[in-house]
Structure formats: C-alpha cells, structure tokens
Amino acid sequence: MTAVPSDHRPARRPFPTGFAWGAATAAYQIEGAAAEGGRTPSIWDTFSHTPGRTENGDTGDTAVDHYHRFREDVRLMAGLGLTSYRFSIAWPRVQPTGHGPLSQHGLDFYRALTDELLEHGITPVATLYHWDLPQELETPPVGGSAVGGGWPARDTAHRFAEYAALTAEALGDRVPTWITLNEPWCSAFMGYAAGAHAPGRTDPADALRAAHHLNLGHGLAVGALRAALPASARISVSLNLHAVRPLGESPEDEEAARRIDAVGNRIFTGPMLKGRYDDDLLEDTAHLVDWDALVHDGDLAETSRPIDLLGLNYYAPTVVSAPAGGRRLPREDGQGAGSHSVWPGAEDVVFHRANENVTAMGWPIDPTGLSDTLTALHREFGLPLLVTENGAAFDDTVSPDGTVHDPERTAYLRGHLEAVADAVDAGADVRGYYLWSLMDNFEWGYGYSKRFGIVHIDYATQQRTPKSSAHWYAETIRRGGLD
Ligand code: IFM
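Engineer: Any details on the pattern of salt bridges? Residues and values, ideally.
Structural biologist: Scanning all chains against the criterion turns up 41 salt bridges. Between Asp406 and Arg409 there is a salt bridge, and its shortest N-O distance comes to 2.7 Å. For the pair Asp406 and Arg409, a shared accessibility class is recorded, and that class is buried. Overlapping salt bridges, with partners in common, bring together Glu255, Arg258, Asp261, Arg266, Arg276, Asp278, Asp280 and Asp284 in one network.

Put into structure tokens, the structure is as follows:
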C-alpha cells in the first residue's frame, strides 16, 4: 500500500489504551479454493449452486481468492496499521466430514495465516462458525446414524463442540481470542425459517430448534475451548442484536417491539448470559415448538458457561409497529401470517424501512443504535465488549485514475466510531472495533453485487485497491482516535 499522508494532529477523541483497531471477514465470503486441500462442500456451497438462490447465481467458489493471496492481504492490513484481524475458520476445510479427525491441510492454511498475522504484529481473532456448516451435517441422517439434520438436530451441537475442541488444540498456541458463533440469529432464522440463507429451509419450528441447538453448541464449545486453550485465552460470541425501536409510543407498538426483542435478541442473550429463556418468548412461540421437550435438563447450565467478552455486530436500528387491525392469533401449524417469515411467533409485526439516508442495502444509517446497544449491554451484563462487525455497502466506482473515493463509507465509519466513543464515555468497557469488511466480498444472497470493503476488489483481476475510507481508517488508527 502507498504511504498514507498524515497531518500529525492528535486525536480529539482518543480511544482506550490497548483498544483493538480491526477489520473482519468470513471464510466463505473471501477464501475461494472451495475444492482445494480436501475441503468439502458446506451448506453455502450447496445453496449458492442451487439456481435462483443468489444474485446472478454467484458462488464462493473463487470469492476474492484469499486462500492463495493471504500474504498480500496481510501486508495490506499491516499497511493500514490494523492491530487485530477477525477471520473465520471454514469448518469443512479443517474437518471435512464434520466429525472425526482434522485435516492437516486445512490446519496448515490457518497456521500460515496466523503466523503471517503475528509476524506483522496483528493479533488474530478466530471465529469458529460463520455459517459454513459441512453439508454432511445438514443432510438428514441415514442408516441409524445420529449425524445430520442441521442445526434443528441436537447432535449438531455436539459435533460443533468436538470441532471447536480439536481446532483449539491445533491453533490455540497462536490465537488468543476465540469467537464461537457469528450471528446465530441469521443461522437459525434466515436459514431455517425464511429460507433466504443456507440451507434454505422454511419451517418456523425447525428455526426455533436450531436456535436452541446453536445456544447449546455455543455453551458446549465454551467448555471445550476452556479445556483446550491456555488460561490467558479469551472466549466470546458475536451476536447481531437488533436495536429495536417502537414506531410510536402506543402500548401496541411497545408490545410489537417486545415481541421482536424476544425472538430477535433475548432468545440468545437469555440462555447464553442468564441461563434461561424468558417466559414471554416461550409463550409467544409455544404454538410452534414444545420447549419442555426441546430443552433438556442441564442444557441451560451449558448454554450459560461464562464468556470473557461479548461481541456485537451492529449495522442499523429496527423500527416496528403493531399489526394493523390488531395482533393476529397464531395458527396451530405455525403457517398462515407470513409462513416464510423470519420472525416465528411475531410474523404479524410491521417493519418500517427508511427511504432516506440509507446504505446500498437499504439499511438506515443511525449510529445511535450502536451507542444505545453498547450502553444497554454494559448495564445489563457488565461484560467487556467488542464491536465485532460494523460497516456499510455503497455503490463504489473506480475513478479513471484507478482510485476509489467512498466518502459515504468514511462518514458511516466516523459516525459509528463516534458512537463507540459515546458508549465508552457512558462507562461501557469496549475493547475493540472490527469494521466490516476488510475487502469487498461474497455478500451471501446478494452475491458480489454489494460492496462492504474498505479495500476494493476488481473481481476480474483480483486486484486490491484501498478506498479512501481505508486511508481515513489508517489515519484514525495512527492517531489513536477520532479527529
Ligand atoms: O456480510 C455479512 C456478514 O457475513 C455477517 N454480518 C453482516 C454482514 C453484512 O451483511
């Protein structure tokens, strides 16, 4: 990367000493090399290769070829001055069948990546699960085997803990911070209720089962990680908590917000951080799933094993109001109002999207949701916090001189770092910020049509070009805070 001009001014809003200035990515979104080194298909390979599932039929087969270009990418990170990098480990690359021994080939890739990071003074943060379940664990079990059925099946939680233990034993000497799951809400509800994410299933009861088994898998993995890692290791989870706001002040709108908070947020924070599912959540979803049968004795002690840091992924607030004409009674079969809704038990709640001041995803730009959520998490749980994702997609263009000028992204990042500073001022112990994303990449169902990176990718040549937001971020890091 070319040298970044610096005006040597000190930060007006300095961040705490030791604050991690990071960027985040995920394996399927960047690695490519989908069939190399013994990697087997994940549910996202199957889903993206199914016609009609992703924009333009895009897949992660090649992505941004990070598997072969990781050294160049680490040099880019070092040039920006990143102090930490959050990546995810592809489960089907290190444990191709989803059970049994690990692949040395797969581990070698992550050993080389983490060595390269450490040599450049960048602290690795590894996420164990960013949505790429080995396909063999999703395919229904055959011949009396317990393995398969995806996250609605209890066995998958145990498979995840086994994978976590083996991976931590292999890489624990070089990775100080481990994140169990990324955005389990998306895995459960986008994957098994709405069908918009892999594996593309649309059964609200299965989505709730998946949510519990993700909670269980998280807790079992925390136990396994503690046993495998040095005492100094830190363990976390990344939740995309919805900053839910009622549209108006009516009790009906407040009730709509309560319902979304229950199935959007507390379905994970409850079991993970308090050892319980709240009664209102159980009541809202009782017509869909038998919670007494789903949650076994001892499960909630597992799900709530203590973690060291809580990771928050934040992009935009969620504004809701009461269903027009009043709440619709659920049907016994869970179908009816929005049968492919991503909100089981709250299908009739009305969501309000903004038309102005939005990103290319149509997501409203409102950093107050970030400061509010960080402050609320600090008050409720008292844990050290990380912002493990935050960023924006815009329709970037390359100028004739080859540069990419993205002032909207810089403004977004600046506004959200201000929000982090506000939360710190209010007492929240925020230890780091990982912007999403280091590079443009495969944005799931949107394929390559949405660009979140601070580094532009020319997908035809794989050329990397830091955008103006990258230069701004580098200067912010150098200064240790906001100008
Ligand atoms: O690209 C995703 C990421 O994989 C998970 N969090 C949200 C990002 C933007 O949609």
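Engineer: Describe in detail the sheet that holds strand β12 (residues 430–436), supporting the description with residues and values.
Structural biologist: Within the closed barrel, the 8 strands sit side by side as β2-β3-β4-β5-β6-β8-β11-β12. Their pairing is parallel. If you compare each strand with its neighbour and ignore which way they point, the axes differ by 25 degrees on average. Looking at chain direction, strand β2 (residues 20–24) and strand β3 (residues 84–88) are connected through 3 bridges and run parallel. Each residue of the ladder has a partner; that of Gly22, found in β3, is Ser84. The strands touched by helix α9 (residues 204–228) within the sheet are β4 (123–129), β5 (177–182) and β6 (234–239), with β5 carrying the most contacts at an inclination of about 165 degrees.

Engineer: I'd love a proper account of unusual backbone geometry, names of residues and values included.
Structural biologist: Omega for the bond connecting Ala198 with Pro199 falls within 30 degrees of zero, at 5 degrees, which places this linkage in the cis form. Mapped onto the fold, Pro199 is located in the loop between α8 (184–192) and α9. With omega at 10 degrees, the peptide bond leading from Trp436 into Ser437 counts as cis. Checked against the element boundaries, Ser437 lands in the loop between β12 and β13 (455–458). At Trp444, a position not held by glycine, the phi torsion is positive, near 50 degrees. Looking at where Trp444 falls in the secondary structure, it is placed in the loop between β12 and β13. The backbone phi angle of Gln462 is positive, close to 65 degrees, even though this residue is not glycine.

Cut-offs applied
Residues numbered from 1 in each chain as written. Predicted model: local features only at pLDDT ≥ 70, side-chain atom pairs only at ≥ 80, totals over all residues. Heavy atoms only, no water. Salt bridge = Lys/Arg side-chain N within 4 Å of Asp/Glu carboxyl O. Buried < 20%, exposed > 50% of the residue type's maximum accessible area, 1.4 Å probe, protein only. Pairing = 2+ DSSP bridges. Helix = DSSP H or I, 4+ residues; strand = E, 2+ residues; numbered from the N terminus. Axes fitted to C-alpha atoms, helices over the stretch in contact; angles between N-to-C directions. Contact = heavy atoms within 4.5 Å.

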